[in-house]
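Here is how the chains run, residue by residue.
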Amino acid sequence: MSVYDKLKELNITLAAPATPAAAYVMYVQTGNLVFLSGHIAKNADGSPNTGILGRDKSTADGQAAARSVAIDLIGTLQEAVGGDLNRVKRIVKVMSLVASTPEYNEQHLVTNGCSELIGEVFGEAGKHARPAFGVASLPRGTCVEIELIAEVA
């Protein structure tokens with residue numbers, strides 16, 4: 001099944017990448033690797049999905065936020081590969097930052113919201129390495145920020 005068939009099956013529509021909010025670009029390719037800048041969690045209306053895990057967000061809330069970030073990452077990746085996600089050979093690494101209280105220790109479960117969707121969409125090529133960090137705060141007060149590295153043909 002192609003990546004696009006899988007996206008259709010999952011009823012996922014990819015949006016154009018966001019405009020950078022500071023002095024950076026959304027992606028850089030060097031050789032056969034594409035590095036995507038961190039993408040923040042957003043609500044359906046495009047506003048930041050704010051909050052702190054362990055204080056006012058549950059792990060399930062964080063997983064849903066991370067899943068939405070994965071969709072945005074795939075949209076940016078599509079632009080980076082010239083509109084053809086079938087050029088993606090491998091999702092190499094995902095790095096997740098989760099705004100959380102010092103006591104909260106389920107950052108890895110929050111990040112599964114992204115990792116599981118990437119795996120569903122890209123199959124074997126979606127299996128990736130990753131860290132999941134708890135941080136005190138993220139840009140615009142968002143609850144999750146995730147970056148991605150992909151190998152492309």
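Before reading further, recall that the structure is shown in the block above.
Attention in this report is confined to the structure presented alongside it. All values reported here derive from a predicted model rather than from experimental measurement.

1. Re the overall build of the protein chain
Point 1. When you go through the protein chain residue by residue, the secondary structure sums to three helices and five strands.
Point 2. Since a compact globule built from 153 residues should have a radius of gyration of about 15 Å, the 15 Å found for the protein chain is in line with a globular shape.
Point 3. The burial tally for the protein chain puts 44% of its 153 residues in the buried class.
Point 4. Long-range pairs, those at least 24 residues apart, make up 81% of the contacts in the protein chain between residues at least 6 apart in sequence.

2. A look at the sheet that holds strand E3 (residues 88-99)
Strand pairs in the sheet, formed through backbone hydrogen bonds, run parallel or antiparallel to each other.
Point 1. With mixed pairing, the five strands of this open sheet are ordered in space as E1-E2-E5-E3-E4. With one partner strand each, in any of the chains shown, strand E1 (27-30) and strand E4 (132-135) form the two edges of the open sheet. Direction aside, neighbouring strands of the sheet carry axes that sit 15° apart on average.
Point 2. Here E3 pairs with E4 via four bridges, running parallel. Within E4, the residue paired with Leu97 across the bridge is Phe133.

Cut-offs and rules
Throughout, a residue's number is its position along its own chain's written sequence, starting from 1. Only residues with pLDDT of 70 or above have their local features reported here, since the model is predicted, and side-chain atom pairs are shown and tallied only from 80 upward, although totals for entire chains, interfaces and linings are computed over all residues. Side-chain measures here rest on the full set of heavy atoms in the structure, leaving out hydrogens and waters. To qualify as a helix, a DSSP run of H or I must reach at least 4 residues; to qualify as a strand, a run of E must reach at least 2; elements of each kind are numbered from the N terminus. Put simply, the radius of gyration uses C-alpha atoms, and a globule should come to 2.2 Å times the residue count raised to 0.38. Classification of residues uses two cut-offs on accessible area relative to the type maximum, computed with a 1.4 Å probe and protein chains only: under 20% is buried, over 50% is exposed, and between them is partly exposed. Two residues form a contact once any of their heavy atoms are found within 4.5 Å. Two strands pair under a simple rule: DSSP has to find at least two bridges between them. To obtain an axis, a line is fitted to C-alpha atoms, over the contacting stretch when the element is a helix, and the angle between two such axes runs from 0 to 180 degrees between their N-to-C directions.

Shape is all these values report; function is a separate question.
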